[in-house]
Amino acid sequence: MTAKPELAEVAPEGWPVLAAAGIVTILLAFLALPLAGVALGLMVWLRHILRIPVRKLPADAEHHILAPADGVVLSIGAPGSQDGDVLTRLVRITIKTRLSDAQLQCAPVSGRVRDNFLIPGLFLSAADEVSARRDNERREVTIETDKGDAIMLVQIGTRTARQLVCRHNPGKTLAVGAPLGMARLAGLTDIFVPADCALAVQEGQSVLAGETILATFAGHARHAGDAGQRRGPAGH
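This structure is a prediction, so every number in the text was calculated from the model and none was measured.

Draft legend 1. Geometry of a nonpolar patch on the surface. The grouping of Ile26, Phe30 and Leu31 at the surface amounts to a nonpolar patch, some 410 Å² of accessible area in total. Here Leu31 shows up in helix H1 (residues 15-31). The exposure class assigned to Leu31 is exposed, which follows from its relative accessible area of 71%.

Here it is in structure tokens:
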């Protein structure tokens, strides 16, 4: 007898959205039953993307920087001068989470949360990455590894992502792949990695949080000449 598959658990950050959708569905059931049916379908979809997805960590995960969010890699390159002198020595990888992707974000490395702060802003379209980074609300989270590498993740608000949530305060120690938070819903995520890392993704590639390797720390790249790996920043 085949066991029935269990429903994935909803992430804590997803419950407020799901609860609001449930209230709307109940109200519509009293006003217009067909609309309530549509709202119920919306709830099913929300439950799917707000779940805690099952992910498998890659071998030697501690040697790598994993994708913090599901989505597609929009761009890879060196930050502009407006991002500050420290960031210009890093490589920025930008991931766009779609409305069909799981929304839960994961820690890209093991380490201690050094910073976690929100910078208020607008919620404009993410079609123009430069404007979105400059004008939109964002949350910057920095995780420092045991070896002293600082990996910064930036959640960027969009027209649909109006709540940028990180569940951990500074000082919290995280394991790689641990649940981190959520850009509700379908936000942009920048992750800054050391320039001497061997990159393992390319623009246009789909990635999974806590599973896809974005880059490998210097000294741990098993095959420096492997296809798909290169030293950052990208040449464009």
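From this point, the discussion proceeds with the structure in view.
Draft legend 2. Quick look at the pattern of salt bridges. Using the criterion set out here, one finds 10 salt bridges in the structure. Notably, a salt bridge pairs Arg133 with Asp190, separated by 2.6 Å at the nearest N-O pair. Here Arg133, found in helix H3 (residues 129-135), pairs with Asp190, found in strand S11 (residues 188-194); they are 57 residues apart in sequence, far enough to count as distant. Relative accessible area serves as the criterion here: at 15%, Arg133 is assigned to the buried category. The partner of Glu140 in a salt bridge is Arg138, and the shortest N-O contact between them spans 3.2 Å. Residue Arg138 is classed as partly exposed on the basis of its relative accessible area, which comes to 21%. Members of the salt-bridge network, linked through shared partners, are Arg112, Arg114, Asp115 and Glu144.

Draft legend 3. Quick peek at the sheet that holds strand S2 (residues 71-77). If you trace the 8 strands from one edge of the open sheet to the other, you get S9-S5-S6-S7-S11-S3-S2-S13, paired in antiparallel fashion. Of all the strands in the sheet, the pair left with one neighbour each is strand S9 (173-174) and strand S13 (206-207). For strand S3 (residues 90-96) and S11, the ladder comprises 7 bridges, and the chain directions are antiparallel. In the sheet register, Ile95 faces S11, and the bridge partner there is Thr189.

Draft legend 4. Region of interest: the nonpolar core. Ile65, Ile76, Ile93, Ile191, Leu199, Val207 and Leu214 are the most contacted members of the largest nonpolar core, which has 27 residues in total. Of all elements in the fold, only S2, S3, strand S6 (138-144), strand S7 (150-156), S11 and strand S14 (213-216) reach the threshold of two or more residues within this core. Here the element with the most residues in this core is S3; it accounts for 3 residues.

Draft legend 5. Layout of the packing of H1 against helix H2 (residues 33-49). The geometry of H1 relative to H2 is characterised by a closest axis approach of 7 Å and an angle of 165° between their N-to-C directions. Here H1 lies roughly antiparallel to H2, going by the angle between them. Crossing geometry of H1 relative to H2 is assigned as left-handed. In this structure, H1 uses Val17, Leu18, Ala21, Gly22, Thr25, Leu28, Ala29 and Leu31 to contact H2, whose residues at the interface are Leu33, Leu35, Ala36, Ala39, Leu40, Met43, Leu46 and Arg47.

What counts, and at which threshold
Starting afresh in each chain, residues are numbered from 1 along the sequence in its written order. Where local features are concerned, this predicted model is filtered to residues with pLDDT of at least 70; where side-chain atom pairs are given and counted, the filter is 80 or more; whole-chain, interface and lining totals use all residues. Note: side-chain values were computed over all heavy atoms of the structure, leaving out hydrogens and water. What goes into a patch is any residue over 30% in relative accessible area without a salt bridge, connected to like charges within 9 Å or, for nonpolar side chains (Val, Leu, Ile, Met, Phe, Trp, Tyr), within 5 Å. Computed with a 1.4 Å probe, the accessible areas rest on the Shrake-Rupley method; for each residue, only the protein chains presented here act as cover. Between Lys or Arg on one side and Asp or Glu on the other, a salt bridge is scored when a side-chain nitrogen of the former is within 4 Å of a carboxyl oxygen of the latter. To qualify as a helix, a DSSP run of H or I must reach at least 4 residues; to qualify as a strand, a run of E must reach at least 2; elements of each kind are numbered from the N terminus. Per-residue accessibility, obtained with a 1.4 Å probe over protein chains only, is compared with the maximum for each type, and a residue is labelled buried under 20%, exposed over 50%, and partly exposed between these values. In short, DSSP must find at least two bridges between two strands for them to pair. To form a nonpolar core, buried Ala, Val, Leu, Ile, Met, Phe, Trp, Tyr and Cys residues must be joined to one another through side-chain atoms within 4.5 Å. Here an axis means a line fitted to C-alpha atoms, over the contact stretch when the element is a helix, while the angle between two N-to-C directions is reported on a 0 to 180 degree scale. Here roughly perpendicular refers to angles of 65 to 115 degrees, roughly parallel to angles under 35, roughly antiparallel to angles over 145, and oblique to all remaining angles. Left-handed describes a crossing whose near helix is turned anticlockwise from the far helix through less than a right angle; right-handed describes the clockwise counterpart. Should any heavy atoms of two residues lie within 4.5 Å, those residues are counted as being in contact.

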